[in-house]
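Here is how the chains run, residue by residue.
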There are 2 protein chains.
Amino acid sequence: MPQHSPSLAAVGITLDPAPGVAISRHLYERIRDAILSGQLRPGLRLPSSRALAAELGVSRTTTVTAYERLRDEGYLDGRVGAGTTVALLQIPHPAAAPVHEPPRVRQPRLSAQGAALAGVRWRMRHTMDGPGSGPPAFPVGRPAIDAFPAELWGKVVARRARRSAGSLLRYQHPAGYQPLREAIAAYVGMARAVRCAPEQVLVVGGAQAGLSLAARLLLDPGDDAWMEDPGYYGARGAIIAAGATPVPVPVDTDGLDIDAGKARAPHARIAYVTPSHQFPLGVTMSLPRRLALLDWARTAGSYVVEDDYDSEYRYVGDPLPSLQGLDGAGRVVYVGSFSKVLFPALRIGYLIVPDELVDAFTAGQRFAAAHVPALEQAALTDFIADGHFARHVRRMRALYAGRGAALVQAARQELDGLLSVTPAHAGMHVIGWLPQDRDDRAAARQAAAYDVDVQSLSAHAQEPAERPALLLGHAATPEPYIVPAVHRLAASLTASAQSARGRRAELGGDGGYGEDL
Amino acid sequence: MPQHSPSLAAVGITLDPAPGVAISRHLYERIRDAILSGQLRPGLRLPSSRALAAELGVSRTTTVTAYERLRDEGYLDGRVGAGTTVALLQIPHPAAAPVHEPPRVRQPRLSAQGAALAGVRWRMRHTMDGPGSGPPAFPVGRPAIDAFPAELWGKVVARRARRSAGSLLRYQHPAGYQPLREAIAAYVGMARAVRCAPEQVLVVGGAQAGLSLAARLLLDPGDDAWMEDPGYYGARGAIIAAGATPVPVPVDTDGLDIDAGKARAPHARIAYVTPSHQFPLGVTMSLPRRLALLDWARTAGSYVVEDDYDSEYRYVGDPLPSLQGLDGAGRVVYVGSFSKVLFPALRIGYLIVPDELVDAFTAGQRFAAAHVPALEQAALTDFIADGHFARHVRRMRALYAGRGAALVQAARQELDGLLSVTPAHAGMHVIGWLPQDRDDRAAARQAAAYDVDVQSLSAHAQEPAERPALLLGHAATPEPYIVPAVHRLAASLTASAQSARGRRAELGGDGGYGEDL
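Residues numbered from 1 in each chain as written. Chains lettered and ligands numbered in written order. Predicted model: local features only at pLDDT ≥ 70, side-chain atom pairs only at ≥ 80, totals over all residues. Heavy atoms only, no water.

Participant: Describe the packing of aromatic side chains, and please don't skip the residues or the numbers.
Facilitator: Here the structure, examined in full by the defined rule, presents 29 aromatic pairs over all chains. Here Tyr334 of chain B and Tyr350 of chain B contribute two aromatic rings whose centre-to-centre distance is 6.5 Å and whose plane-to-plane angle is 25°, an arrangement assigned as stacked. Of this pair, Tyr334 of chain B sits in strand E10 (residues 332–337) while Tyr350 of chain B is found in strand E11 (residues 349–352), placing the two residues 16 residues apart along the sequence. Neither Tyr334 of chain B nor Tyr350 of chain B differs from the other in exposure class; each is buried. Three or more aromatic residues joined by ring pairs make a cluster, and in this case those are Tyr232, Tyr233, Phe279 and Tyr309 of chain A together with Phe367 of chain B. We note Arg331 of chain B situated over the ring of Tyr303 of chain B; from NZ or CZ to the ring centre the distance is 4.4 Å. (Phe/Tyr/Trp six-rings, centres within 6.5 Å; stacked < 30°, edge-to-face > 60°. Helix = DSSP H or I, 4+ residues; strand = E, 2+ residues; numbered from the N terminus. Buried < 20%, exposed > 50% of the residue type's maximum accessible area, 1.4 Å probe, protein only. Lys NZ or Arg CZ within 6 Å of the ring centre and 35° of its normal.)

Following this line, the structure appears as structure tokens:
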């Protein structure tokens, strides 16, 4: 005996399935959406599956399938054959109708940290240049990907990947793969006079991940942190993300001005420094400054975050040993990275922390950061153990020295009066000083229009830089491309010198940070 | 004409090089340490390199090398032949003597977040069991690593690794490899009725990294966060690490008790839920609760963090669509992971965030988290595109259903009166209820002594659990090992029932969290 119940058409539901969508699924979705939108009221009796099949001209299996799913998911009450009603749901609000409305973008409700991060201005560089865009000139912070032994790395990874059925698939210790921690401890001990046990080494997802973890574990919101000025914007971003205040401390020819730091923020909780080769100015922190910095940290109970980001590349003289090795009081958190030496997408770096911080940092890696995939860690361990890593560093040192010398020579010949380029004694970029009245941000933008990718010193400065300058990366640009690119740079500097006269104020201050350092 | 200067021996410096250490390096270190310790005072004149060579009976090259390095590093003043003096350094404190003293472990000075993390109790499990320790029974949250097609995965990775000379070595977008973001959006749309564009997908270093990022960007210190109780301790750790307070909200047979949450913390900024298959109880959140939760989030301006950690594994009936798909107001942050489906060490997960949060979360990935290595992302994209992923999920669904059924059957036969095991309709573990008077923590410890790895329900509860229970993972234990392990579990439960009588209070409350969920 048919029960008295409305047809679906009577309540405004008609079917209009998209091609390839099963009728039963479409029916399920239409009824569900009608319930959620309030079109079908809670308690309403629906036609029987048989009556509905007849109404729609579909098989009864189709209607039973849709009804069963709706019942399973809680939209309908009742059993087959015993009458079907819309469940007594509290439909919150017609706006709940979820289906066909794209969510509106509105003001997000973020934490202070989230809001600070959303406010950090930055841009993506170098990830979009596909195969067709030609060799780069002169990206800052980018290694010579063209010279990386990718085939060899692929073999090392592949060997590990094929053998990975065993322990490498399992959960790993959050502090890192133990053989890699041991290899890192041995390497930094030998190459950088860092003093540590493998237990003090934490493998992290790149230097930035290490800086972020250190900032979060050492800085409370509102705390001060000494930040080299000019300095690495990634460290500044990590400090801001922790809710702390990066206090700009000037850098001179001896490195960070410790006295200025003490005057500006005597109780800063950390000092971020690049003592081996200051980023971006390239100076080495003098021994008196190093001792004064460690003394301050000891007295203030603060930590020094030493970012040794490109210490592998020194072309003249020996590198100065690390600050960490000079510290007898456990005040230094040392940050290193393999991404600069091997290839950026590797995303493996390391922290070396004082004993007293090991537990907190390990818990931080466990609960508040990302482990590094075990496969990469094991492959890197092999790469180091087999001598490939040391060989690659030696090769790159020679290559970068050559590229740097070629860039400096070309600049001296072509950029006289436009840009005064410093010698490339270390690292992966050189500084080119502009005439005092030039706007370096405008010059960098103009260069980009000539397909030359340089960064302005001002983009790395918190307070106005004393002299306008450009940063020219020399590591990633093959020698044959250097002279033509310097020609383009000369043309851009000449053009921007002409066009920029008298409107410096208008152009200044875009504040954009470069990516990729 | 020899200058008047003390011999080094006269100021207490003698040489005693370790085997294999060059004399010049040893001499450098002894003098450096003597300067840093105050043994050699600033301004002191040292013997000439010639006189020192004679005094020590070494070549002049040795002493010149040591002196030059000390001069380069700033420890000595003067030029060769013109007299050498100790530089006028401000040696901070004799305690600065860095070299032979291991740093003392002292109270670290951490941020509130760091201190909170250092206080989270947890332990490492399952990473140490090497090849010799036999198959595991019954670890919670561990997939069947033995059934993972490691050889195939290795080939996919190796193919990508060999071809990686190109764009894969470069810096990647912090939100993830675009083809993988597209594959994830398609997958969750199809499998979980998640509604999103690829731009809303962020690839993160595992579900825990995603939870941590969400907690940091959405929670300020002191904020409340609803936390399922019992619930996933990793989410609790992420909330604590953000400085926020996890407010325990009870879970009943319909899932999270929304009314209890509103009563306890009406203004919580996030609610952490596992609606598809609550961890650890296994219940599915009912539709009325889902609607009520979304309504609360909309009204309170809060976010729901939906952790869909094991939705791939449902053995009876269809899975309920995601909460995210029911949300029309952009209040849900959806968390997924590949580590549970493929293998734990992969460490790739994803967040799907409302449009309004995309910018902040991308900046968070850039500055405050770790990118995921491009190689793994590309290999996973291939694995999905080639159909391996879907095939593996299907195989594991059948395998886990079989292992779960075998465990439940064995438990019914062997554990009568000791443990009442629920059917395994979904997921990777079952619940075994203990008699009301038993202490589940003590039972878990006793089981470990019988080589059975189970977790207590109490270890996952913030407030005392209503009934004592054990969690038994069935995914990682091959069927032939299930019956013997259930025998051992029966023996352990019998033993602990005897030994535990009357001393429950004494044993309770170790509070240790399990790893590996």
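From this point, things continue past the structure.
Participant: Give a description of the nonpolar core that names residues and reports values.
Facilitator: Among the nonpolar cores identified, the biggest contains 92 residues, and Leu351 and Phe361 of chain A together with Leu351 and Phe361 of chain B are the most heavily contacted of them. Ignoring any residue separated from it by four or fewer positions in sequence, one finds Phe361 of chain A in contact with Leu202, Leu213, Ala214, Leu217, Leu218, Leu351 and Val353 of chain A. With 89 residues, the next largest nonpolar core counts Tyr187, Cys196 and Ala379 of chain A together with Tyr313 of chain B among its residues. (Core = buried A, V, L, I, M, F, W, Y, C linked by side-chain atoms within 4.5 Å. Contact = heavy atoms within 4.5 Å.)

Participant: Explain the pairing of strand E5 (residues 224–229) of chain A to me, using residue names and the numbers behind them.
Facilitator: Residue and element names in this part refer to chain A. Of all six residues that make up E5, five are buried, and the element is covered over most of its length. Of the strand pairs in this sheet, E5 and strand E6 (residues 245–252) are connected by six bridges, and their pairing is parallel. Of the residues in E6, the one forming a bridge with Asp224 is Thr245. Where the polypeptide runs from E5 across helix H8 (residues 233–241) and back to E6, its parallel neighbour, the crossover connection is right-handed. (Pairing = 2+ DSSP bridges. Right-handed = clockwise from strand over helix to strand, strands pointing away.)

Participant: Go over the sheet that holds strand E8 (residues 270–273) of chain B, please, and point to the residues and values.
Facilitator: Residue and element names in this part refer to chain B. Read from one edge to the other, the open sheet built from eight strands follows the order E4-E11-E10-E9-E8-E5-E6-E7, with strand pairing classed as mixed. Two strands bound the open sheet, and with one partner strand each, they are strand E4 (201–204) and strand E7 (255–256). Two strands pair when backbone bridges link them, and E8 and strand E9 (residues 303–307) are joined in this way by four bridges, in the parallel orientation. Bridging from a neighbouring strand, Tyr272 pairs with Val305 of E9.

Participant: Account for the sheet that holds strand E1 (residues 45–46) of chain B, with residues named and values stated.
Facilitator: All names here are of chain B. Read across the sheet, three strands follow the order E1-E3-E2 without closing on themselves; strand pairing throughout is antiparallel. Looking at strand neighbours, the two that pair on one side only are E1 and strand E2 (76–77), the edges of this open sheet. Across two bridges, E2 lies against strand E3 (residues 84–86) in antiparallel orientation. Residue pairing across strands places Asp77 opposite Thr85, the latter belonging to E3.

Participant: Before we move on, could you go through helix H5 (residues 150–162) of chain B and cite the residues and values that matter?
Facilitator: For H5 of chain B, which comprises 13 residues, the first-to-last C-alpha distance of 18 Å matches the rise-based estimate of 18 Å (1.5 Å per residue) to within 8%. All of the buried residues along H5 of chain B are Ala150, Trp153, Gly154, Val156, Val157, Ala158, Arg160 and Ala161 of chain B. Here the buried face of H5 of chain B lies against helix H5 (150–162) and helix H12 (374–385) of chain A together with helix H12 (374–385) and helix H13 (388–414) of chain B. (Expected span 1.5 Å × (residues − 1).)

Participant: Which residues make up the pairing of strand E13 (residues 429–433) of chain B, and what values go with them?
Facilitator: Residues and elements named next belong to chain B. Counting buried residues in E13 gives four out of five residues, a clear majority hidden from the surface. As paired strands, strand E12 (residues 420–421) and E13 are joined by two bridges and run antiparallel to one another. Across the sheet, the residue bridging to Ser420 is Trp433, located in E13. Sheet topology places E13 next to strand E15 (residues 469–473); five bridges connect them, and they run antiparallel. Along E15, the bridge assignment pairs His429 with Gly473.

Participant: Before we move on, could you go through the environment of Ala144 of chain A and cite the residues and values that matter?
Facilitator: Residues and elements named next belong to chain A. In this fold, Ala144 is placed in the loop between helix H4 (112–119) and H5. Overall, Ala144 belongs to the buried group, its relative accessible area being 1%. With 252 residues separating them in the primary sequence, Ala144 and Met396 have C-alpha atoms 7.8 Å apart. In this view, Ala144 contacts Met396, Leu399, Tyr400, Arg403, Ala475 and Ala476; residues no more than four positions away in its chain are not counted.

Participant: Could you give an account of unusual backbone geometry, with specific residues and numbers?
Facilitator: In the segment running from Phe279 of chain A into Pro280 of chain A, the intervening peptide bond is cis, with an omega of 5°. Mapped onto the elements, Pro280 of chain A comes out in the loop between strand E8 (270–273) and helix H10 (287–300). Positioned with a positive phi, Ala193 of chain A is a non-glycine residue whose angle comes to about 55°. Looking at the element boundaries, Ala193 of chain A is found in the loop between helix H6 (178–192) and strand E4 (201–204). Of note, Arg347 of chain B is a non-glycine position whose phi angle comes to about 55°, a positive value. By secondary structure assignment, the location of Arg347 of chain B is in the loop between E10 and E11.

Participant: Describe the pattern of salt bridges, naming the residues involved and giving the relevant values.
Facilitator: Residues and elements named next belong to chain B. Enumeration over the complete set of coordinates arrives at 27 salt bridges over all chains. In this structure, the salt-bridge partner of Arg25 is Glu29, at a minimum N-O distance of 3.1 Å. Placement of both Arg25 and Glu29 in helix H1 (residues 23–36) is noted, with a separation of four residues, approximately one turn of the helix. Using a relative accessible area of 46% as the deciding quantity, one classes Arg25 as partly exposed. (Salt bridge = Lys/Arg side-chain N within 4 Å of Asp/Glu carboxyl O.)

Participant: So what's going on with the side chain of Ser302 of chain A? Which residues, and what values?
Facilitator: Tracing the sequence through the fold places Ser302 of chain A in the loop between H10 and strand E9 (303–307). Apart from the residues lying within four places of it in its own chain, the contact partners of Ser302 of chain A are Ala268, Arg269, Trp296, Ala297 and Arg331 of chain A together with Arg109 of chain B.

Participant: Can you lay out the packing of helix H11 (residues 358–368) of chain A against helix H7 (residues 207–218) of chain B for me, pointing to particular residues and giving the numbers?
Facilitator: For the pair H11 of chain A and H7 of chain B, interaxial distance at closest approach is 7 Å and the crossing angle is 95°. One way to sum up the angle between H11 of chain A and H7 of chain B is to call them roughly perpendicular. Counting all contacts with H11 of chain A, which are made through Arg366, Phe367 and Ala368 of chain A, the residues of H7 of chain B involved are Gln208, Ser212 and Arg216 of chain B. Among the residues forming the contact of H11 of chain A with H7 of chain B, the class breakdown is two nonpolar, two polar and two charged. (Axes fitted to C-alpha atoms, helices over the stretch in contact; angles between N-to-C directions. Parallel < 35°, antiparallel > 145°, perpendicular 65-115°, else oblique. Nonpolar A, V, L, I, M, F, W, Y, C, P; charged D, E, K, R; others polar.)

Participant: Account for the side chain of Ser492 of chain B, naming residues and giving values.
Facilitator: As for its position among the elements, Ser492 of chain B is in helix H15 (residues 479–500). When residues no more than four places from it in sequence are discounted, the contact partners of Ser492 of chain B are Gln446, Ala447 and Tyr450 of chain B.

Participant: Please give an account of a positive patch on the surface that cites residues and values.
Facilitator: On the surface, a cluster of positive charge is made up of Arg162 and Arg163 of chain A together with Arg162 and Arg163 of chain B. Tracing the backbone shows Arg162 of chain A in helix H5. (Patch = residues over 30% accessible without salt bridge, like charges linked within 9 Å, V, L, I, M, F, W, Y side chains within 5 Å. Areas by Shrake-Rupley, 256 points an atom, 1.4 Å probe, with all protein chains shown as cover. Lys, Arg positive; Asp, Glu negative; His and termini not counted. Charge placed at Lys NZ, Arg CZ, Asp CG, Glu CD.)

Participant: Go over the confidence of the model for chain A with me, naming the residues and quoting the values.
Facilitator: Interpretation of the predicted coordinates at a detailed level should be avoided for regions scoring low in pLDDT. All names here are of chain A. For chain A, per-residue confidence averages 84 on the pLDDT scale, and 86% of positions sit at 70 or higher. Predicted confidence is poor over residues 125–133, with pLDDT under 50, and the contacts of this stretch with residues over four places away or in other chains come to 18 contacts. Here the prediction assigns the complex a pTM of 0.80, and the interface score ipTM is 0.74. (pLDDT = per-residue confidence, 0-100.)

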